[in-house]
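Chain residues, written in single-letter form:
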Amino acid sequence: MRRFSILLMYMCTGYWTWAQQDSILLESVQIQSSRLEVFASADRTTRIDSNQLALNDGNSIAMLLTKFAPLNIRAYGIGGLSTASMRGTGSNQTAVLWEGINLQSQMNGSLDLNLVPAFMVDDVTIQSGGGASMFGSGAMGGTILLGNQTPVFNRGLNLSLHEQIGSFGLQNHGLKLGFSSKKLSLGIRGFYRKADNDFSFYNDFTQSEETQKNANIEQYGLLTELAYRANDHQLIQIKHWYQNNDTHIPKTASAGLPSQAVQQDAFHRGLVKWQQSFSNKLQLDYKLGLLDHILEYDDKINTHSHNHAQSVINEAQLRYAATQNIALELGINHTYENSTADNYTDKVTRNRTAIFLSTHFLLWNKLDLNLLGRQSVIDGNAAPFLPTLGLNYHATNWLDIKAKAAKSYRIPTFNDLYWSGSSMGNPDLVPEEGVSLEAGYVLTTDQRFWRGTYEGTVFYNNIQDWILWTPTGSVWSPENKEELWSYGIEQSLKLTAQFNDNQHVSLNANYQYVLSTLKQPTTFIPEIQTTYTPTHQGNLYVSYEWKKANIGINNTYTGKQYSDESNVEIRALDPYLLTDISCGYRFVLNRKHQLAISLQVKNIFDIDYEVRRAYYMPGINYQFNLVYKFN
C-alpha cells in the first residue's frame, strides 16, 4: 500500500480525460477512419465491446482475450507467462501493438499479456490473418491492437476511482484523473495490483490435495498523457507508460522441490505523436516511440539473469484521399534495437528500415479493393517483399463477400541469433516466410427491434523456414528446419435485441476450428497437431440490461491440447468448459456523480483444469468491483 500511496500523490499532479462519446480529432479533417477500416477492408477484425472491457478492467489483457476474442492464449498458470496464438501459429507470429508501436520483444519475439492490465487501455481490436504488409515483422497469424482514447477537449475535470477485491488475496486499486480545456488535455491513470494466488487444487501427479505456493504477484504502473491542439488542423500528443511487475513463479505440479523463483519486469514506454492536416484530403501522421524493458530472474539457487532491451521507433505516414473512392497511404519506418543479456557475449544491435504503401479503391460502388506492399532492409540486407491483396464485395445490403491473399515474414530474435552457453544461437538463420489465404462472408441485418452480424471465414497458412530449437548432442540450437501448415474455419455472431428504451439483450459468440501441423498433411486432418493448439475453441457471452441493472454469463470452451510433439494421448490436456457469471448496478447520484458496483463469479461449476501440462488453475472464485465516476 505504501507504493500505491506514492502513486496517488503523484497522480494528484495530473489529470485524466474521460468521456463516453467518440471525439473529433481534427474538426476539418475528413480522412479520420482507422487504417484497418480503410486499408484492410477484407480483413476479419474483432473489437472488444466497451462494456466487456469496463467489466474486466481489473484483469489482464490475457484474461480479457481468453473470454471474448477469437484466439488462443497459451499460459503458464495463473499470473504466469501468457502469450497469444492465432490461426495455429505461435506467439512469435502474433504481433501486439500499442498506439501503433510493436511491443514484441526483440530478444524472445513475444509479449507477456499478463503484464498488460486492461485498465491501461481503452480499445482492444484483433486483426486475424497475415498483416505484415501493414504492421511488419511478426504479424503472420494475426495482430492485437491496443489503444487509448482519442483526446477530448473542453471537458473540464473528470475522475474515476476503481476498487476491486477477490479470492486468493486479490486487491486492485486504480485511479483516473483528467482535465481538459479548449486546447490542452492532461491525463494520468495509475494502478496497484497484488494477489497471493494461493488456491487449492488436486494434484494428479501426487494424487493429493495441494495449495499453490510462491505464486504471488505485485504490479503497479502509471500512464501519463498530454495532448495539445494547436488549431483545428494540428494535434500533438505525448504519452509515457511506466510499469513494475514482481512475479513469483511456482513449481510445476510434477516437480518435487518447492520453488522460490521470482521474476521482475520493469518497463518504460514513451510515445510522441504529431498529426497535421494540410487539407481535407491530405494528412501527415508522425510518431516516435521509445521502449525500455529490464527483466531480472532469480531462482534463489544457482541462476540469476539480467536482460535489458531498448528500441527507438520512428514512423511517418502520409495519407491522401484523392476522391471519395480512392485513398492512398505512404509510410516509412525506422527501428533501432539493442539488447544486453548475461547469455550474450556482447551488446547486440539491429537497424530496420521499411517503406510501405497501402491503397484503397472503391469500384462500381460495390467492390473494395486493397493493394498493399512493404519492403524492409535489415542491417543493410533486403528482407522479402510483402504484398497483400484484399477484396470485399458488397453483394447486397445484407451480404458482403471477402477474400484476401498476403505474404508475411518474421525475422529471427536476438536469442535465436546470439544466445551462448549450454545452448547456442545461430547467426546464419534467415527470416521465416509465410503465405496466408482466406475467404469469407458477412451477413448483417438491422430490424426494428433487433440487429445482428454473422461472419464466417475459411483460412490457410503456410510458413516456411520455421525456426525451431533442436538438440545436437547436449547442445540446443535453432535452425530453419520446419514448415508449418495451418488451416480451418472461424465463425462469429453478434446479436442485440432492444425490447424498449429500458431493456435489451446482447449476444457475442466466437468459434474456431484450427488444424495445425509441422508435418505436411496428406489428409484433411493431419496426423500430428502442433502442441497447445486446440482443434476446437470458442466463447459465448450473453448479457441482459434493464434500466441501470445488468447481468451476464460467459462460457469459454477449450478443446483437447497435446503437450508433446508426438501427440501422446496420455499426456494431452483434457478439454474444459468454463462458466462465469456477473451482475451489476449503476447508481446515478446526480448529474455529475455515478457509482457502479458489480460482482463476478468465475468458474462457477468449480471445474478442475490445466492450461498447460502440470499448470493447474483455480476453481470457483469471486471478484467484487466498485467504480466511482465524477464528470
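Residues numbered from 1 in each chain as written. Predicted model: local features only at pLDDT ≥ 70, side-chain atom pairs only at ≥ 80, totals over all residues. Heavy atoms only, no water.

A. Looking closely at the overall build of the protein. Helix and strand counts for the protein stand at six helices and 34 strands. Expected size for 631 residues packed as a compact globule is a radius of gyration near 25 Å; at 24 Å, the protein falls within 12% of this value. Overall size of the protein, expressed as C-alpha extent along the three principal axes, is 65 × 55 × 50 Å. When each of the 631 residues of the protein is scored for burial, the buried share is 53%. Contacts in the protein between residues at least 24 apart in sequence constitute 63% of all its contacts with a sequence separation of at least 6. In the structure as shown, the protein presents an accessible area of about 28000 Å², 57% of it carried by carbon and sulfur atoms. If the 50 positive side-chain charges of the protein are averaged to one point and the 57 negative ones to another, these points end up 8 Å apart. (Helix = DSSP H or I, 4+ residues; strand = E, 2+ residues; numbered from the N terminus. Rg over C-alpha atoms; globule rule 2.2 N^0.38 Å. Buried < 20%, exposed > 50% of the residue type's maximum accessible area, 1.4 Å probe, protein only. Contact = heavy atoms within 4.5 Å. Areas by Shrake-Rupley, 256 points an atom, 1.4 Å probe, with all protein chains shown as cover. Lys, Arg positive; Asp, Glu negative; His and termini not counted. Charge placed at Lys NZ, Arg CZ, Asp CG, Glu CD.)

B. Spatial organisation of the pairing of strand E12 (residues 208-211). Direction of pairing for strand E11 (residues 200-203) relative to E12: antiparallel, over a ladder of four bridges. Along E12, the bridge assignment pairs Ser200 with Thr211. The antiparallel pairing of E11 with E12 creates a hairpin that spans four residues between the two strands, and Gln207 there sits at a positive phi of about 55 degrees. (Pairing = 2+ DSSP bridges.)

C. Representation of the confidence of the model for the protein in the model. Averaged over every residue, the pLDDT of the protein is 91; the share at 70 or more is 95%. Taken as a whole, residues 1-33 scores under 50 in pLDDT and shows 100 contacts with residues more than four places along the chain or in a different chain. (pLDDT = per-residue confidence, 0-100.)

D. Representation of the sheet that holds strand E5 (residues 101-102) within the structure. Reading across from one edge, E1-E6-E7-E4-E5 is the order of the five strands in this open sheet, with mixed pairing throughout. If you trace the sheet from one side to the other, it starts and ends with strand E1 (44-47) and E5, each paired once. Both E1 and strand E6 (residues 123-128) contribute to a ladder of four bridges, which runs antiparallel. Bridge pairing in E6 links Thr45 to Gln127.

E. Representation of the packing of aromatic side chains in the model. A complete count under the given rule lists 14 aromatic pairs for this structure. For the ring pair Tyr220 and Tyr242, a centre distance of 6.5 Å and an interplane angle of 55 degrees mean the geometry is tilted. On the criterion of sequence distance, the pair formed by Tyr220 in strand E13 (residues 217-231) and Tyr242 in strand E14 (residues 234-248) is long-range, its members being 22 residues apart. What makes Tyr220 buried here is its relative accessible area of 15%. Taking the centre distance of 6.3 Å and the plane angle of 90 degrees together, the rings of Tyr344 and Trp419 count as edge-to-face. Placement of Tyr344 in the loop between strand E18 (326-341) and strand E19 (348-363) and of Trp419 in the loop between helix H6 (414-418) and strand E24 (432-446) is noted, with a sequence separation of 75 residues between them. Taking relative accessible area as the criterion, Tyr344 reaches 6% and is therefore assigned buried. By way of ring pairs, the aromatic residues Phe168, Phe199, Phe201 and Tyr616 are connected into one cluster. (Phe/Tyr/Trp six-rings, centres within 6.5 Å; stacked < 30°, edge-to-face > 60°.)

F. Looking closely at the nonpolar core. Of all hydrophobic cores here, the largest spans 43 residues; its most connected members are Ile61, Leu65, Leu113, Val124 and Leu146. Of all the secondary structure elements, the ones that give two or more residues to this core are helix H3 (50-55), helix H4 (61-68), strand E2 (72-75), strand E4 (94-98), E6, strand E7 (142-147), strand E15 (262-277) and strand E30 (576-588). No other element matches H4, which puts five residues into this core. Excluding its chain neighbours within four sequence positions, the residues that come into contact with Val124 are Thr46, Arg47, Ile48, Leu53, Ile61, Leu64, Leu65, Leu145 and Leu146. Within the second largest apolar cluster, 12 residues are counted, among which are Leu36, Phe39, Ala40 and Leu372. (Core = buried A, V, L, I, M, F, W, Y, C linked by side-chain atoms within 4.5 Å.)

G. Molecular detail of the environment of Asp292. Along the polypeptide, Asp292 turns up in strand E16 (residues 282-298). Between the alpha carbons of Asp292 and Val312 there is a distance of 9.1 Å; along the sequence they are 20 residues apart. Apart from the residues within four sequence positions on either side, Asp292 is in contact with Ala266, Phe267, His268, His308, Ala309 and Gln310. Here His308 takes part through its side chain, which lies 2.9 Å from a polar atom of the side chain of Asp292. Of note is the side chain of Asp292, whose polar atom sits 2.8 Å from the side chain of Gln310. (Polar contact = N/O pair within 3.5 Å; in protein donor to acceptor, adjacent residues only side chain to side chain.)

H. Inspection of a nonpolar patch on the surface at higher detail. Together, Phe278, Leu318, Leu330, Ile332, Ile355 and Leu357 make up a nonpolar patch on the protein surface, roughly 550 Å² of accessible area in all. Considering the arrangement of structural elements, one finds Phe278 in the loop between E15 and E16. (Patch = residues over 30% accessible without salt bridge, like charges linked within 9 Å, V, L, I, M, F, W, Y side chains within 5 Å. Salt bridge = Lys/Arg side-chain N within 4 Å of Asp/Glu carboxyl O.)

I. A look at unusual backbone geometry. For Gln207, which is not a glycine, the phi torsion comes out positive at approximately 55 degrees. On the basis of relative accessibility, which here comes to 52%, the residue Gln207 falls in the exposed class. Here the phi dihedral of Ala614 falls at roughly 75 degrees; this positive angle occurs in a residue that is not glycine. Its place among the elements puts Ala614 in the loop between strand E32 (610-612) and strand E33 (615-616).

J. Examining the pattern of salt bridges more closely. On inspection of all chains with the given rule, the structure shows 22 salt bridges. With its nearest N and O atoms 3.3 Å apart, the salt bridge here joins Glu99 to Lys239. Of this pair, Glu99 sits in the loop between E4 and E5 while Lys239 sits in strand E14, and the two are 140 residues apart along the sequence. The exposure class of Lys239 is buried, given its relative accessible area of 4%.

K. Focus on the environment of Ser436. Here Ser436 shows up in strand E24. For the pair Ser436 and Ala132, spaced 304 residues apart in the sequence, the C-alpha separation amounts to 11 Å.

L. Region of interest: H4. With six of its eight residues buried, H4 lies for the most part within the structure. Among the residues making up H4, those that are buried are Ile61, Ala62, Leu64, Leu65, Lys67 and Phe68.

M. Representation of the pairing of strand E25 (residues 450-472) within the structure. Pairing geometry for E24 and E25, over 14 bridges, is antiparallel. Paired with Glu433 across the two strands is Gln464, which belongs to E25. Between the end of E24 and the start of E25, which pair antiparallel, lie three residues. Two elements, E25 and strand E26 (residues 475-500), share 21 bridges in a ladder whose sense is antiparallel.

N. Main features of the environment of Met107. Relative to the elements of secondary structure, Met107 occurs in the loop between E5 and E6. With 234 residues separating them along the chain, Met107 and Ala341 place their C-alpha atoms 9.1 Å apart. Not counting residues up to four positions away in its chain, the partners in contact with Met107 are Asn307, His308, Ala309, Ser339, Thr340, Ala341, Tyr344, Thr413, Phe414 and Asn415.

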